[in-house]
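Coordinate inspection notes
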Amino acid sequence: MSDTNRRGFLKQASLGVVGTAALSSASYAQVVGANERIQVAILGPGGMGMNHVRTLVGQRDVDLTHVCDVDANRLAEAVKNGTRDNRAPQGVTDMRRIVENRDVAVVFIATPDHWHAPASILALDAGKHVYVEKPCAHNIREGRLLIDAARRNRKICQVGTQSRSSEHAQSAMQAIREGAIGEVLAVRVWNSQLRGNIGRQKPSDPPAGLDYDAWVGPAPFVPFQRNRLHGVWRWWYNFGTGDMGNDGVHDLDIGRWGLGVETHPTTVTALGGKYFFDDDQEFPDTQTVIFEWSPSANGNGKTPRKKQLIFEQRIWTPYKMEGYENGDAFYGINGMLIFGKEAGWRLYGPRNKEIRTVTGSPNVLAHHRNFFECIRSGRRPNADIEIGHLSATLCHLGNIATRVRRVLTFDPKTEEVHNDKEAGPMARREYRQHWATPRGV
Ligand SMILES: NC(=O)c1ccc[n+]([C@@H]2O[C@H](COP(=O)([O-])OP(=O)(O)OC[C@H]3O[C@@H](n4cnc5c(N)ncnc54)[C@H](O)[C@@H]3O)[C@@H](O)[C@H]2O)c1
């Protein structure tokens, strides 16, 4: 679709000709009645997307009516897995067929990161509620535009950081809020993984059944290369956000939650690079990033103290820090709480006395349930888009600081880096002319 066609498409959507935007968004909760089944479509039923497909078919108050993938093999697999009571979801390859479908009320988006915000904005503008995988956007600017789209359409937008709806994370946060370790001034966040080498490859023909042009979407076009496709795209600047935006974002989100900071940091600095992998990956395999919040930025200005978050990432190691592959160590003035994303948490008091141990793990179903309950009630979801954007911005800023290797000053209001000419433009990206390129990027 040309730019003109995109405008026409969106105009029609906003008039309710092809979408549901004509419905008053304020009354959407009444449109989806308490006993009515919600019609759901999913874009990108690949790795995580297939997890959503399986979780969705288990919920009796929702109908998975459409699955959409630009890879025919994956689409066929999704249709198979999405079949319930002998009723198969319709498989489509062009997301516009879903956006323009008046009966679809909800869109799940589990595509690669570069499609998250463009697809979400299209769906929200057509009157759909959106569950978008983390990180909610490929860059800082897109994240802001995504919040704007959710708010102007008054739709629910939940981000796929499922720990927000998981009991073990909620109980840890409750313990911190109740003062179990006193005021938390610092948190150390880690992501340790044993990733693979993606090799060095040359452009080649895309595999049969893959619409590669649609896969690239509004990102700048680069020729197909095998080590840029499923799952591996996350190591390329054009499509992903590195492991900081992949696994790291979950831990950063939990870290920010426990630290009690509800706005952006004001300063960030980092060191890192490719210390281990000798391959095509563009993102660092080793990273240490430090964020600082000014007193006015933290905890709604309730405390005059600065706060700090230290993020450590090594994606070439089988060793787990504090016994956890991914985690957060919260340092309070009276104690410490060690949180393992996949395992639970341990609370320590003065002189490292272990006081309490809790086990648990992330719960995707609970996150879905929270999303659907919010669609019916109109309440903000546990990982509302604003929360998702604040946490995704830590990944974007961390990656930018690692690239330029300097101390950056970030303005939480304008969401710009003002003190560094090289880093400043990295808050945004280049797009090709495409019907899905969001306005205002
Ligand atoms: N919440 C979690 O715990 C969790 C875990 C893993 C991945 N994720 C997120 O899920 C997303 C997908 O990751 P993955 O590892 O499953 O990637 P993947 O590459 O396995 O799957 C992505 C799918 O999207 C499809 N796709 C690409 N462009 C499309 C388009 N225009 N329309 C329709 N389909 C399109 C691809 O063909 C592919 O099947 C990422 O954003 C990732 O961060 C979340």
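Every value quoted in this text rests on a predicted model; they were computed, and no experiment measured them.

1. What about the site of the ligand?
- As a structural note, the neighbourhood of the ligand is formed by 27 residues, with M48, D69, H116, Q162 and W233 the closest of them.
- In this structure, D69 approaches the ligand through a side-chain N or O atom, which is 2.6 Å from an oxygen atom.
- Contact distances for the ligand include 2.7 Å between an oxygen atom and a side-chain N or O atom of Q162.
- When isolated, the ligand has an accessible area of 850 Å², and the protein chains bury 92% of it.
- Mapped onto the shell around the ligand, the elements with two or more residues apiece are α3 (47-57), α6 (113-125) and α9 (212-216).
- Considering each element in turn, the shell around the ligand owes the most residues, three residues, to α6.

2. Quick look at α6
- For α6, which comprises 13 residues, the first-to-last C-alpha distance of 19 Å matches the rise-based estimate of 18 Å (1.5 Å per residue) to within 8%.
- Counting buried positions along α6 gives 13 out of 13 residues, so the element sits mostly inside the fold.
- At the C-terminal side of α6, G127 shows a positive phi close to 90°.

3. Remarks on the domain arrangement of the protein chain
- Under the domain assignment used here, the protein chain contains domain 1 (3-161 + 367-381) and domain 2 (164-202 + 224-362 + 392-418).
- Listed as interface residues are 18 residues of domain 1 and, on the opposing side, 21 residues of domain 2.
- On the domain 1 side of the contact with domain 2, K134, I140 and T161 bury the most area, a combined 38% of that side's loss.
- Joining domain 1 to domain 2, the criterion identifies one salt bridge.
- E415 is the partner of R144 in a salt bridge, and the nearest nitrogen-oxygen pair spans 3.0 Å.
- Inspection of the region where domain 1 meets domain 2 yields 11 residue pairs in polar contact (both at pLDDT 80 or more).
- Elements that contribute at least two residues to the side of domain 1 that touches domain 2 include exactly α6, α7 (140-153) and α12 (364-377).
- Of the residues assigned to the side of domain 1 that touches domain 2, the class counts are five nonpolar, eight polar and five charged.

4. Some thoughts on the layout of surface pockets
- For the largest pocket, the calculated volume is near 840 Å³.
- Partitioned by chemical class, the residues of the lining of the largest pocket number 15 nonpolar, 18 polar and 13 charged.
- Looking at the lining of the largest pocket, you find at least three residues from each of domain 1 (3-161 + 367-381) and domain 2 (164-202 + 224-362 + 392-418).
- As for the second largest pocket, its lining consists of 16 residues, of which H138, Y237, R403, M426 and R428 are closest to the centre.
- Grouping the amino acids of the lining of the second largest pocket by side-chain chemistry returns five nonpolar, seven polar and four charged.

5. Thoughts on the packing of aromatic side chains
- Throughout the structure, instances matching the rule amount to 14 aromatic pairs.
- Between Y212 and F224, the aromatic rings sit 5.3 Å apart at their centres with planes inclined by 85°, giving edge-to-face as the arrangement. Within this pair, whereas Y212 is found in helix α9, its partner F224 is found in the loop between α9 and α10 (242-246), the two being separated by 12 residues in sequence. With respect to burial, Y212 and F224 carry one shared label: buried.
- Ring pairs connect the aromatic residues Y212, W215, F221, F224 and F239, which therefore count as one cluster.
- The side chain of R234 reaches across the aromatic face of W233, ending 4.6 Å from its centre.
- Just above the ring of Y431 sits the side chain of R429; from NZ or CZ to the centre is 5.5 Å.

6. Structural notes on the nonpolar core
- Ranked by internal contacts, the top residues of the largest apolar core, which has 41 residues, are L252, F291, L309, F330 and L337.
- Ranked by the residues each element gives to this core, the list is headed by helix α13 (residues 385-404), at six residues.
- The contacts of L337, once residues within four sequence positions are left out, are A172, A175, I176, I181, D328, A329, F330, W345, R346 and L347.
- Grouped together as the second largest cluster of nonpolar side chains are 34 residues, A117, L122, L145 and L146 included.

7. Thoughts on the sheet that holds strand β8 (residues 267-273)
- Overall, mixed pairing links the 10 strands, which are arranged β14-β13-β12-β11-β7-β10-β9-β8-β15-β16 in an open sheet. With one partner strand each, in any of the chains shown, β14 (354-359) and β16 (416-417) form the two edges of the open sheet.
- As paired strands, β8 and strand β15 (residues 408-411) are joined by two bridges and run antiparallel to one another. Of the residues in β15, the one forming a bridge with V268 is L408.

8. Remarks on a nonpolar patch on the surface
- On the surface, L271, Y275 and F276 cluster together to form a nonpolar patch covering roughly 370 Å² of accessible area.
- Examined against the element boundaries, L271 turns out to sit in strand β8.

9. Concerning the packing of α3 against helix α4 (residues 72-81)
- α4 packs onto α3 with a crossing angle of 20° between their chain directions and a minimal axis gap of 9 Å. Considering the angle they form, α3 stands roughly parallel to α4. Between α3 and α4 the crossing geometry is right-handed. Residues G47, M50, V53, R54 and V57 of α3 touch α4, and the partners they reach there are R74, E77, A78 and N81.
- Within the contact of α3 with α4, the residues separate by chemical class into four nonpolar, two polar and three charged.

10. Some points on the pairing of strand β10 (residues 307-314)
- Where strand β7 (residues 184-192) lies against β10, seven bridges are found, and the strand directions are parallel. Along β10, the bridge assignment pairs S192 with R314.
- Note: strand β9 (residues 286-293) against β10, eight bridges, orientation antiparallel. Note that in β10 the partner of T286 across the bridge is R314.

11. Things to note about the sheet that holds strand β3 (residues 90-92)
- Taken in spatial order, the six strands line up as β3-β2-β1-β4-β5-β6 in an open sheet, and their pairing is parallel. Each having just a single partner strand, β3 and β6 (157-159) make up the two edges of the open sheet. Strand-to-strand twist in this sheet, taken as the mean axis angle between neighbours without regard to direction, amounts to 20°.
- Bridging between strand β2 (residues 62-68) and β3 involves three bridges; their strand directions are parallel. Bridging across to β3, V67 finds its partner in G91.
- Sitting on the sheet, α6 is in contact with β1 (38-43), β4 (106-109) and β5 (129-132), with an inclination near 165° to β5.

The rules behind each value
Residues numbered from 1 in each chain as written. Predicted model: local features only at pLDDT ≥ 70, side-chain atom pairs only at ≥ 80, totals over all residues. Heavy atoms only, no water. Near = heavy atom within 4 Å. Polar contact = N/O pair within 3.5 Å; in protein donor to acceptor, adjacent residues only side chain to side chain. Areas by Shrake-Rupley, 256 points an atom, 1.4 Å probe, with all protein chains shown as cover. Helix = DSSP H or I, 4+ residues; strand = E, 2+ residues; numbered from the N terminus. Expected span 1.5 Å × (residues − 1). Buried < 20%, exposed > 50% of the residue type's maximum accessible area, 1.4 Å probe, protein only. Domains from an automatic or database assignment. Contact = heavy atoms within 4.5 Å. Buried area = accessible area lost by both parts, 1.4 Å probe. Salt bridge = Lys/Arg side-chain N within 4 Å of Asp/Glu carboxyl O. Nonpolar A, V, L, I, M, F, W, Y, C, P; charged D, E, K, R; others polar. 1 Å grid on protein atoms, 1.4 Å probe; cavity = no way out; pocket = protein on both sides within 12 Å on 5 of 7 lines; lining within 4 Å. Points joined across faces, edges and corners; volume = space filled by probe spheres on them. Phe/Tyr/Trp six-rings, centres within 6.5 Å; stacked < 30°, edge-to-face > 60°. Lys NZ or Arg CZ within 6 Å of the ring centre and 35° of its normal. Core = buried A, V, L, I, M, F, W, Y, C linked by side-chain atoms within 4.5 Å. Pairing = 2+ DSSP bridges. Patch = residues over 30% accessible without salt bridge, like charges linked within 9 Å, V, L, I, M, F, W, Y side chains within 5 Å. Axes fitted to C-alpha atoms, helices over the stretch in contact; angles between N-to-C directions. Parallel < 35°, antiparallel > 145°, perpendicular 65-115°, else oblique. Left-handed = near helix turned anticlockwise from the far one by under 90°.

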